[in-house]
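Fold and geometry: a report
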Amino acid sequence: MELLDKLNWRYATKAMNGKKVPQEKIDTIIEAANLAPTSSGLQPFEIIVVTNQEVKEKIKAIAWNQSVVSDCSHLLVFAAWDTYTEDRINKMFDLVNEVRGFKNEGWENYRQQLLNIYPQRDAEENFNHAARQAYIALMAALTAAAFEEVDSTPMEGFDPAKLDEILDLRSKGLRSCVMMTVGYRDTEKDWLVNLEKVRKSKDDLVTIVD
């Protein structure tokens with residue numbers, strides 16, 4: 001039940017107090033995101049960790065002026081690949097071969113299959129696919145934060161194009177898709193802090209196909 005207890009404890013924190021989260025906790029949260037499953041193991045995204053206050057203020061201005069952006073300890077920006085390329089696919093497959101110390105014929109055939117499909121697809125379709133993988137990592141990070149008793153908030157309420165400009169993401173072949181604030185709740189300013197968590201009933205959520 002510990003997992004469910006932690007997930008019940010966490011909520012989308014609306015106000016943070018500016019207290020710094022210890023680096024070891026941040027490292028754990030990021031490593032959880034790194035360990036998240038992704039399609040074909042390609043991990044088609046990067047995580048930009050923003051602690052610079054001036055940069056956070058700039059991001060706040062294009063994120064509906066939400067105070068949690070500037071008052072958080074760390075702001076994690078999940079930026080997906082703008083498209084799949086042969087180089088990006090090969091780099092990940094080569095990494096697998098290097099770490100495992102051998103080549104597998106089936107794995108190499110699968111590499112070729114992806115090379116024959118992904119780079120030829122529309123870039124927007126590829127970005128949307130990559131962004132969905134980033135969201136899987138986001139959930140792992142949110143869960144890890146809860147285990148570390150660190151507050152967090154997933155955020156889509158920002159101007160992606162302007163955020164890309166602030167962080168110079170397009171020059172790196174990246175596009176922002178979601179942010180995550182990390183810090184500690186301000187119990188005096190957060191209107192949501194004492195409200196009961198509300199979720200669908202299991203009957204409304206789950207359909208069993210026997």
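Residues numbered from 1 in each chain as written. Predicted model: local features only at pLDDT ≥ 70, side-chain atom pairs only at ≥ 80, totals over all residues. Heavy atoms only, no water.

**Digging into the pairing of strand β4 (residues 174-183)**
This is how the line gets drawn: For every residue, the accessible area (1.4 Å probe, protein chains only) is compared with the maximum for its type, and the residue is labelled buried under 20%, exposed over 50%, or partly exposed between those bounds. Each helix is a run of DSSP H or I of at least 4 residues and each strand a run of E of at least 2, with the numbering of both proceeding from the N terminus. A pair of strands is labelled paired if DSSP reports no fewer than 2 bridges between them.
Here β4 lies mainly inside the structure; 10 of its 10 residues are buried. Note: strand β2 (residues 74-81) against β4, 8 bridges, orientation antiparallel. Of the residues in β4, the one forming a bridge with V77 is M179. Two elements, strand β3 (residues 151-155) and β4, share 5 bridges in a ladder whose sense is antiparallel. In the strand pairing of β4, D151 is matched with G183.

**Thoughts on the pattern of salt bridges**
Pairing is possible between side chains that carry opposite charge, provided their charged atoms lie close to one another. Basically, it comes down to this: For this analysis, a salt bridge means a side-chain nitrogen from Lys or Arg found within 4 Å of a carboxyl oxygen belonging to Asp or Glu.
Counted under the stated rule, the structure contains 9 salt bridges. Between K25 and E148 there is a salt bridge, with the nearest N and O atoms lying 3.2 Å from each other. Remark: E148 occurs in the loop between α7 (123-147) and β3 and K25 occurs in helix α2 (residues 23-34); sequence separation between them is 123 residues. Measuring nitrogen to oxygen at the nearest pair gives 3.0 Å for the salt bridge that ties R88 to D82. In this structure R88 comes out as buried when scored by relative accessible area, which is 16%.

**Details of a nonpolar patch on the surface**
To keep it simple, the criterion reads: Patch membership requires over 30% relative accessible area and the absence of a salt bridge. Like charges are linked within 9 Å, and nonpolar side chains (Val, Leu, Ile, Met, Phe, Trp, Tyr) within 5 Å. Each accessible area is a Shrake-Rupley result for a 1.4 Å probe, and residues are judged covered by the shown protein chains and nothing else.
Residues L3, L4 and F147 make up a contiguous nonpolar surface patch of about 260 Å² in total accessible area. Counting through the fold element by element, F147 comes out in helix α7.

**Notes on the pairing of β2**
Across the 8 residues that make up β2, a large majority, 8, are buried. Bridge analysis of strand β1 (residues 45-50) against β2 gives 6 bridges, and the strand direction is antiparallel. By the bridge assignment, I48 is partnered in β2 with V77.

**Details of the packing of aromatic side chains**
For clarity, the cut-off: Pairing of aromatic rings covers Phe, Tyr and Trp, the last counted by its six-membered ring, and requires centre-to-centre distances within 6.5 Å; plane angles under 30 degrees mean stacked, over 60 mean edge-to-face, and any other angle means tilted. Whether a charge lies above a ring is judged from NZ of Lys or CZ of Arg, which has to be within 6 Å of the ring centre and within 35 degrees of the ring normal.
Applying the stated criterion to the full structure yields 5 aromatic pairs. An aromatic cluster is present here, built from W81, Y84 and Y118 joined pairwise through their rings. Above the plane of the ring of Y118 lies R121, whose end atom (NZ or CZ) is 4.3 Å from the centre.

**Here's the deal with the nonpolar core**
Soluble, globular proteins show a tendency: their nonpolar side chains are buried together. Rule in force here: Among buried residues, those of type Ala, Val, Leu, Ile, Met, Phe, Trp, Tyr and Cys that are joined through side-chain atoms within 4.5 Å constitute a nonpolar core. By the convention used here, residues are in contact when the closest approach between their heavy atoms is within 4.5 Å.
In terms of nonpolar packing, the biggest core is built from 54 residues, with I29, F78, M179 and M180 touching the most fellow members. The greatest single-element share of this core, amounting to 10 residues, is contributed by α7. Setting aside residues no more than four positions away along its own chain, F78 makes contact with A33, E46, I47, A134, A137, L138, A141, R175, S176, C177, V178 and M180.

**A look at the packing of helix α1 (residues 2-9) against α7**
The cut-off we apply is this: Angles shown run from 0 to 180 degrees and are taken between the N-to-C directions of axes, each axis being a line fitted to C-alpha atoms and, for helices, limited to the stretch in contact. Here roughly perpendicular refers to angles of 65 to 115 degrees, roughly parallel to angles under 35, roughly antiparallel to angles over 145, and oblique to all remaining angles.
Contact pair α1 / α7: the axes reach a minimum separation of 9 Å and the direction vectors enclose 95°. Put simply, α1 runs roughly perpendicular to α7. Here α1 contributes E2, L3, K6, L7 and W9 to the contact with α7, which in turn contributes T143, A146 and F147.

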